[in-house]
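Chains, contacts and geometry: an overview
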Amino acid sequence: MRILPASLCAAAIGLALTVAPAQAMPTVHEYELDNGMRILVRPDQRADVVISQLWFPVGSSHERQSMTGISHALEHMMFKGTENRETGEFSRTISREGGRLNAFTGRDYTAYHEQLQADRLEIALELEADRLANIIFDEEEFANELEVVREERRQVVDSNPVRVALERFHALAWHTHPYRNPIIGWPSDLDVMTLDDIRDWYERWYGVNNATLVVVGNVDPDQVRDLAERHFGPLEPREAPEVRELQEVEPLGERRAVVRQPRATPYMVMGWPVPSLSTAEDESESYALSLLSRILDGGRSARFAENVIRGTDIAASAGSSYNAITRLDTMFYVDGRPTPDSDLDQLEETLRAEVQRVIDEGVTSAELDRARIQARADYLYRLDSLFAQGMEIGTLETTGIGWRAMETFDDALDSVAVEDIQAVAERYFRDDRITVVHLLPDNGAAPSRPAETPDPAAEPQPHSH
C-alpha cells in the first residue's frame, strides 16, 4: 500500500461522502440578486475569519478540440490589471490586510477565493466585482502568462511520469467525453491560443448571472447579501452560454497502452466508466461506488491492504478512487506499483482478481459498516476547515447536484446494502469496459525512486498567483 491510501481515498471520495448527519448540518442561507447572481452563506463563528469564493460553472470539460486549457489560462489572466487597479494590486491589497487569495480550475468549474479577517469581507467582494466588470486583457501580459502556464505544465505534468501516464490514460479511456482532455491543456493548443480566444471565453462564461458567491465564516448572512448587492448588483447580466454535451460512446472492448517515460518507476492504473452523483439514474449507485472504493482501499483493514499488499509479495502499493461530485460520468480507478520481485502483469492480474471477487462473492456487512464509519469520520474532520466547507458547497452547486445533497446524504449512505455494492460492481466492472495503462521506464533505463503518485480521481491543486 502506498503511504497515503486512506487520505487519497478520502480526498477522492470525500467530495462524494462529505455529508454529516442531518442534525449536524449547518444552515446555508441562499439569496439571488436581481441580475441573477446567486449567494450562498454558511455562518461559522468559531474563528473571526471569512472565506469568500466566487465560482463559475466552466472548466476544461466545456472546452472543445484546439481550445483545451483556455479556462485555466483565463484564470491566470484574471489576476492582471483592471481599469482601476494595476497588475499585482489584488495580491498586494489582500496581503496588506493579512489575508490570502488564490484560484483554481477544475474539469467543471473555476473559482477565485480570499481568506480575510471577517470584518474585511467587503474588500474581497470589491476586488472580485472590479475584475468582473473592468478586467483589461493586455497582449504582452498574455504572452508572459502563457509562458507561466507552459512552465506550470512542465513542472506539474511533464516532470512526473505518473501524471503523464494518467493524462494518456484519460485520453485513451474516453472517446468523445470531455474529461479526456487535461485541465491545463495540450501543449499544441497552448501554442495556438490567442488573446481574442481568452476575451471571448471571458465574455461567454463570466457574466455576473453565471457566478455563485460562496461565503463561509463569522458573518451575518443578510449583511453579506447587502455587501454583494452593493458591489455586484450594478453589473448587467449576459446571455447564458449554451452547453452542448458530447455523449460518450459505449465501450466495445478493453483498451490498453504502455507509456514509457525516462526515470519512471513501474506503475499501473486501470478504470471503468461509471456514473457520478449528477448523472446516475439511481443515486444509490453513486453512494455504493463510493463505499466500494473504501472497502477496497480504506485503511489497513481494507481488501487491498490485507489481501494484495500484506497477503502477497506482488504489490508495493495499491489503491482505488472514485469522485462522485462531477457533472458528467466519471471513472472508478484502481492503481498500484509492483514490488521489485514482481511486475505489472502480475500486479494487474492480482488487482483484477480482487475486483472480480466483489462481483462473484459480494462484500460483508462488517466491511460496509466500516466504510460508512470512515466516510462520516472523514467528513467531520475535513469540514472542520472553513475553506473545505466552501469547496463542498461550490462543487456541489457547479456540478449541478446542489448543496442540498448534503442534507440527504446521511440517509442515502444508510440506504446502501451489501447487495447494492455487488450490483454496481457486476454492472460496471466488466472486462469489455476496462482501460489499462502500464507505466515503464524507457528501454534499458533503470527505474528511479518513485515520484509523487497523484490520486487519479483528484483535480489539480490550486496554484499561487
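Residues numbered from 1 in each chain as written. Predicted model: local features only at pLDDT ≥ 70, side-chain atom pairs only at ≥ 80, totals over all residues. Heavy atoms only, no water.

Comments concerning the sheet that holds strand E9 (residues 315–322)
Using the following cut-off: Should DSSP find at least two bridges between two strands, the strands are regarded as paired. Secondary structure elements are defined from DSSP: runs of H or I of at least 4 residues count as helices, runs of E of at least 2 residues count as strands, and each element is numbered from the N terminus. Only the stretch in contact is used when fitting a helix axis, every axis being a line fitted to C-alpha atoms; angles between N-to-C directions are given from 0 to 180 degrees. Here a residue-residue contact requires only that any non-hydrogen atoms of the pair lie within 4.5 Å.
Read from one edge of the open sheet, 5 strands run E7-E11-E8-E10-E9, paired in mixed fashion. Two strands in the sheet have a free side with no partner beyond their single neighbour: strand E7 (255–261) and E9. If you compare each strand with its neighbour and ignore which way they point, the axes differ by 15° on average. By the bridge criterion, 7 bridges tie E9 to strand E10 (residues 330–338) in an arrangement that is antiparallel. Paired with tyrosine 322 across the two strands is phenylalanine 332, which belongs to E10. On the sheet, helix H10 (residues 283–296) packs against strand E8 (267–274), E9 and E10 and is oriented at approximately 165° with respect to E9.

Some words on the UniProt feature "domain: Peptidase M16 N-terminal" (unreviewed entry) in the chain
Worth spelling out the cut-off: UniProt positions are given in the numbering used here, feature names are shortened, and annotations may be inferred rather than shown by experiment.
Within this structure's numbering, the places UniProt gives as "domain: Peptidase M16 N-terminal" (unreviewed entry) are residues 39–184. The span residues 39–184 is 43% helix and 18% strand, and its two end C-alpha atoms sit 28 Å from each other.

Notes on the packing of helix H5 (residues 139–158) against helix H6 (residues 161–173)
Note the cut-off: Note on angle classes: values under 35 degrees are labelled roughly parallel, values over 145 roughly antiparallel, values of 65 to 115 roughly perpendicular, and the remainder oblique.
The contact between H5 and H6 brings their axes to 7 Å, and the two run at 95°. Looking at the two axes, H5 sits roughly perpendicular to H6. When H5 is examined against H6, the residues Arg153, Val156, Val157 and Asp158 are found in contact with a partner set consisting of Arg163, Val164 and Glu167.

Description of the packing of H10 against helix H13 (residues 365–382)
How two helices pack is summed up by the angle between their axes together with the distance between the axes. The interhelical angle for the contact between H10 and H13, taken along N-to-C directions, is 105°, at an axis separation of 9 Å. Considering the angle they form, H10 stands roughly perpendicular to H13. Between H10 and H13, the contacting residues are Leu291, Arg294 and Ile295 on the first element and Glu367, Leu368, Arg370, Ala371, Arg372, Gln374, Ala375 and Asp378 on the second.

Focus: unusual backbone geometry
Our working definition: Per-residue accessibility, obtained with a 1.4 Å probe over protein chains only, is compared with the maximum for each type, and a residue is labelled buried under 20%, exposed over 50%, and partly exposed between these values.
Even without being a glycine, serine 66 presents a positive backbone phi close to 75°. Structurally, serine 66 can be placed in the loop between strand E3 (49–56) and helix H2 (70–77). At arginine 263, a position not held by glycine, the phi torsion is positive, near 65°. With respect to the secondary-structure elements, arginine 263 resides in the loop between E7 and E8. When its relative accessible area of 56% is taken as the criterion, arginine 263 is described as exposed.

Topic: the nonpolar core
Heads up, the condition is: Each nonpolar core is a collection of buried residues, namely Ala, Val, Leu, Ile, Met, Phe, Trp, Tyr and Cys, held together in the definition by side-chain atoms within 4.5 Å.
Counting 71 residues, the largest nonpolar core has Ile198, Tyr206, Leu213 and Phe232 as its most contacted members. Apart from the residues within four sequence positions on either side, phenylalanine 232 is in contact with Leu33, Asn35, Met37, Leu54, Leu125, Glu128, Ala129, Leu132, Val208 and Leu213. With 64 residues, the next largest nonpolar core counts Val358, Leu383, Val416 and Ile434 among its residues.

Some thoughts on the side chain of aspartate 189
Put simply, the test is: Charge counting follows a simple rule: Lys and Arg are positive, Asp and Glu are negative, and His as well as the terminal groups are ignored. Salt bridge, as applied in this entry: a Lys or Arg side-chain nitrogen positioned within 4 Å of an Asp or Glu carboxyl oxygen.
Summarising the element assignment, aspartate 189 is placed in helix H7 (residues 187–192). Here aspartate 189 occupies a buried position and makes no salt bridge, while the nearest side chain of opposite charge, arginine 180, is found at 9.3 Å. Other than its neighbours up to four places away in sequence, aspartate 189 contacts Ser66, Met67 and Thr68.

Thoughts on the pattern of salt bridges
Enumeration over the complete set of coordinates arrives at 43 salt bridges. Look at the salt bridges and you will find they share partners, linking Glu30, Arg38, Glu397, Arg404 and Glu407 into a network.

Section: the environment of methionine 77
Tracing the chain through its elements places methionine 77 in helix H2. The sequence separation of methionine 77 and threonine 87 amounts to 10 residues, and the corresponding C-alpha distance is 9.9 Å. In this structure methionine 77 touches Ile135, Phe137, Asp138, Glu141, Phe142, Glu145, Leu195 and Ile198, once residues within four positions along its chain are discounted.

Concerning the sheet that holds strand E6 (residues 212–217)
The strand order E1-E2-E6-E3-E5-E4 describes an open sheet built from 6 strands, whose pairing is mixed. Two strands lie at the open edges of the sheet, namely strand E1 (29–32) and strand E4 (100–105), each paired on one side alone. Across the sheet, the mean angle from the axis of one strand to that of its neighbour is 15°, orientation sign disregarded. Two strands pair when backbone bridges link them, and E3 and strand E5 (residues 110–117) are joined in this way by 8 bridges, in the antiparallel orientation. Following the sheet pairing, leucine 54 is matched in E5 by tyrosine 112. On top of the sheet, H2 reaches E4 and E5; it is set at about 165° to E4, its chief contact.

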